[in-house]
Amino acid sequence: MIEPATDNIRGYWESKSVVQIHEQLLEDLGSSSADPLPLPDDWISTSFARLARERLAELIHTEFLDSHLFVIKDPRISKLLPLWIELLDEIDVDIVVVTTFRNPLEVAASLEKRDHMPLASSLLLYVSSYLKAEMASRDCPRCFLNYAHMVSDWRVLESRLRSILGSRLPTLNEKRSLEISQYLVPDLRHHHYDRAELKRRGEIPSIVADLYDLLSEAEAQGNAASLSRAFDELLRSADGMAALFRDLVHNERAERKAFENSTSWRVTAPLRWLKHELQRK
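Definitions and limits used
Residues numbered from 1 in each chain as written. Predicted model: local features only at pLDDT ≥ 70, side-chain atom pairs only at ≥ 80, totals over all residues. Heavy atoms only, no water. Salt bridge = Lys/Arg side-chain N within 4 Å of Asp/Glu carboxyl O. Helix = DSSP H or I, 4+ residues; strand = E, 2+ residues; numbered from the N terminus. Buried < 20%, exposed > 50% of the residue type's maximum accessible area, 1.4 Å probe, protein only. Contact = heavy atoms within 4.5 Å. 1 Å grid on protein atoms, 1.4 Å probe; cavity = no way out; pocket = protein on both sides within 12 Å on 5 of 7 lines; lining within 4 Å. Points joined across faces, edges and corners; volume = space filled by probe spheres on them. Nonpolar A, V, L, I, M, F, W, Y, C, P; charged D, E, K, R; others polar. Pairing = 2+ DSSP bridges. Core = buried A, V, L, I, M, F, W, Y, C linked by side-chain atoms within 4.5 Å.

**Re the pattern of salt bridges**
Where charged atoms from two side chains of opposite charge approach closely, those side chains can pair.
Then, in step 1: What the rule picks out here adds up to 18 salt bridges.
Then, in step 2: E14 serves as the salt-bridge partner of K73, at 2.9 Å between the closest nitrogen and oxygen. Here K73, found in the loop between α2 (47-64) and α3 (77-90), pairs with E14, found in the segment before α1 (16-28); they are 59 residues apart in sequence, far enough to count as distant.
Then, in step 3: Classification of K73 as partly exposed rests on a relative accessible area of 41%.
Then, in step 4: The network of salt bridges with shared partners includes D194, E197, R200, R201 and E203.

Right under this line is the structure:
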């Protein structure tokens, strides 16, 4: 697992091997986990995607061959979910998609603090990631859950998973339930914004609030099957936004790359490394 850090002292619960495969694939596709632009339409048919699928299949065979139930968690899956669905279907593994969402202002605050990501980029990433993941998961058993609700009462998620998995989900004894309750506490939620704040913030595009409302409605209904048309309309708007901002994002990326190749950036690299290590401690 990836080690805990100052921004997540309880740990990320993400496999290093899976993250490495995901990051390599995104890099090969000219993207990254922080790229707010959607992947090319034909990305899943590329040689890069085929190689990633082979590596993931080998990893599953190595780590989960004897498992009746396992979990893969990585935010990058929001971009790469079609690959996982195709792979798991190919190796005859049933899939359940759990979409955990947060108020977009909380996501933006987290990304700004950790990665210094501008508000516009984080909101575009938020919209693109959730809409693409929702579209890709429509044929899968799935549930939606607000992160704030999960840390306040994790049994809501357990109940929804049990309604999907039945007896395949192990029954929790008192000891394990206590361990989960002691781990999943409201303090894990570092940023707090309500729906009204989205309305008050004039610089927040309406599509962002509309998407958050749709995700909340999907949580309330237990699925999003009846909301497909509304999600489709937002997706068309989001694709239009991505096309509009594509050149701007590419120019910003080129300027940052040029800066990181500059002498001043290389000279100060040891100081940034030291700061990072001190923060981890």
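So, next bit.
**Observations concerning the environment of I180**
Then, in step 1: By secondary structure assignment, the location of I180 is in helix α8 (residues 174-183).
Then, in step 2: Residues I180 and R155, spaced 25 residues apart in sequence, show a C-alpha to C-alpha distance of 9.6 Å.
Then, in step 3: Contact partners of I180, with chain neighbours within four places excluded, come to W154 and L172.

**So, the layout of surface pockets**
Then, in step 1: In this structure, the second largest pocket occupies an estimated 270 Å³ of space.
Then, in step 2: Around the second largest pocket, the lining is made up of 18 residues, and of these L39, W43, K79, P82 and K132 lie nearest the centre.
Then, in step 3: Every element with two or more residues in the lining of the second largest pocket is listed here: α3 and α5 (119-136).
Then, in step 4: Per-element accounting of the lining of the second largest pocket gives the leading share, 6 residues, to α5.
Then, in step 5: When its residues are assigned to classes, the lining of the second largest pocket shows 11 nonpolar, 3 polar and 4 charged.

**So, the pairing of strand β1 (residues 97-101)**
Then, in step 1: On β1, burial follows the alternation: V97, T99 and F101 on one face are buried, whereas V98 and T100 on the facing-out side are not.
Then, in step 2: Across 5 bridges, the pairing between β1 and strand β2 (residues 142-146) is parallel. Among the inter-strand pairings, V98 is bridged to a residue of β2, identified as C143.

**Topic: the nonpolar core**
Then, in step 1: Among the nonpolar cores identified, the biggest contains 32 residues, and Y126, V127, L131, I207, L211, L215 and F231 are the most heavily contacted of them.
Then, in step 2: Those elements that place two or more of their residues in this core are α4 (104-115), α5, α10 (206-221) and α11 (228-260).
Then, in step 3: If one sorts the elements of this core by residue count, α10 sits on top with 8 residues.
Then, in step 4: Residues contacting L215, with those up to four places away along its chain left out, are F101, Y126, Y130, F144 and F231.

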